[in-house]
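For reference, the chains in residue letters:
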Amino acid sequence: MPVIVALGISSIVALAAVRAEALTRDGAVAAILVGTAVLYGTGWPGGGMLAAFFGFSTLVGRIALARGKAADPVTERRNARQVLANGSAAALGALMELRVTGLGLWIVCGALSAAAADTWATSIGGFSRTDPRHLLSGRRVIRGTSGAVSFLGTLGALAGASTVALAGGLAGGGTSLVIAGVSIGFGGMLLDSLLGASLQGRFECPRCAATGERRIHTCGTPADRVGGLTWLDNDGVNALSTGLAALAAAGAWWTWAR
């Protein structure tokens, strides 16, 4: 697809997402960059997977928000950091299609399947009637805790990965891409949870003793670090997991499809 066409389509979609309050303004700029790269590199097949990820993930998130089940009850609008954390690996991988036919499509599928699996796990997991368990300790923790997993959230992750992978398969990637996308996407979600449970920064508010991933607690008080790496937040964990999923997808393509 010509780059000017890819840019035009991405801009129209991003502006529509801003009007629908699915993206912030800086998020729209990031989405235009990601969308242009994916469409320019992989054309409509890659664009279909990107649409499946963003469209259905936004819908699932809004349903959770409307029912009061969202991990972050404030908003479902994605900012630039969130867009790039979830889409950078797919955008860079899509450009590989210009040099090696098929490789870019597999990378896009793997990266976006992992991003969808994590997003759906968080949103659908909020509907669980029981609190999730910490992935490493196995103890019950409050909803929204980094590294927490639940049975319903795990099913949501599988559904999210399958949605993107099926879009890739229907767009011409075939059954092997679907299988790889679901497997890599689900594995990426598990890796995301593991990184969240072990390395992601954890902070405690000295005023209300609440523990979370934010350096500034919702009450406005600066929080103290009680575990993990100070610089590694949720967006960083997402970027790492989708990046590794992209590498896994490239390896799968090299093994099965080249």
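Higher on the page you've got the structure.
Note that the structure is a prediction, hence the values are computed from the model and not measured. (Residues numbered from 1 in each chain as written. Predicted model: local features only at pLDDT ≥ 70, side-chain atom pairs only at ≥ 80, totals over all residues. Heavy atoms only, no water.)

Trainee: I'm lost on the packing of helix α3 (residues 80–94) against helix α4 (residues 103–125) in this one. Help?
Mentor: The angle between the axes and the distance between the axes are what describe a pair of packed helices. Across the interface, α3 lies against α4 with an axial gap of 8 Å and an inter-helix angle of 175 degrees. For the element pair α3 / α4, the angle class is roughly antiparallel. Packed against α3, whose contacting residues are N86, A89, A90, G93 and A94, the element α4 presents G104, I107, V108, A111, L112 and A115 at the interface. The residue inventory of the contact of α3 with α4, partitioned by class, reads 8 nonpolar, 3 polar and no charged. (Axes fitted to C-alpha atoms, helices over the stretch in contact; angles between N-to-C directions. Helix = DSSP H or I, 4+ residues; strand = E, 2+ residues; numbered from the N terminus. Parallel < 35°, antiparallel > 145°, perpendicular 65-115°, else oblique. Contact = heavy atoms within 4.5 Å. Nonpolar A, V, L, I, M, F, W, Y, C, P; charged D, E, K, R; others polar.)

Trainee: Can you help me understand the nonpolar core in this one?
Mentor: One broad trend across soluble globular proteins is that nonpolar side chains are buried collectively. Judged by nonpolar contacts, the single largest core of 47 residues is most densely connected at M49 and L112. Counting residues per element, the ones that place at least two in this core are α1 (3–19), α2 (25–66), α3, α4, α5 (151–198) and α6 (234–257). Those residues in contact with M49 that sit more than four places away from it in its chain are L105, V108, C109, L112, V164, A167 and G168. (Core = buried A, V, L, I, M, F, W, Y, C linked by side-chain atoms within 4.5 Å. Buried < 20%, exposed > 50% of the residue type's maximum accessible area, 1.4 Å probe, protein only.)

Trainee: Could you clarify how one ought to interpret the packing of aromatic side chains in this entry?
Mentor: We describe a pair of aromatic rings using the distance from one ring centre to the other and the angle between the two ring planes. In this structure the tally under the stated criterion is 1 aromatic pair. For the pair W253 and W254, a centre-to-centre distance of 6.4 Å together with 55 degrees between the ring planes defines the contact as tilted. Residue classification places W254 among the exposed residues on the basis of a relative accessible area of 53%. (Phe/Tyr/Trp six-rings, centres within 6.5 Å; stacked < 30°, edge-to-face > 60°.)

Trainee: Would you mind showing me how to read the pattern of salt bridges here?
Mentor: If the charged atoms of two oppositely charged side chains come close together, the side chains can form a pair. A full pass over the atoms with the stated rule returns 2 salt bridges. A salt bridge links D233 to R81; its shortest N-O distance comes to 2.5 Å. With D233 in the loop between β5 (224–227) and α6 and R81 in helix α3, this pair connects stretches of sequence that are 152 residues apart. Taking the shortest distance from any N to any O, the salt bridge between R81 and D235 comes out at 3.3 Å. You can see R81 sitting in helix α3 and its partner D235 sitting in helix α6, a full 154 residues away along the chain. According to the relative accessible area criterion, R81 is partly exposed, its value standing at 48%. Linked through salt bridges whose partners overlap, the residues forming this network are R81, D233 and D235. (Salt bridge = Lys/Arg side-chain N within 4 Å of Asp/Glu carboxyl O.)

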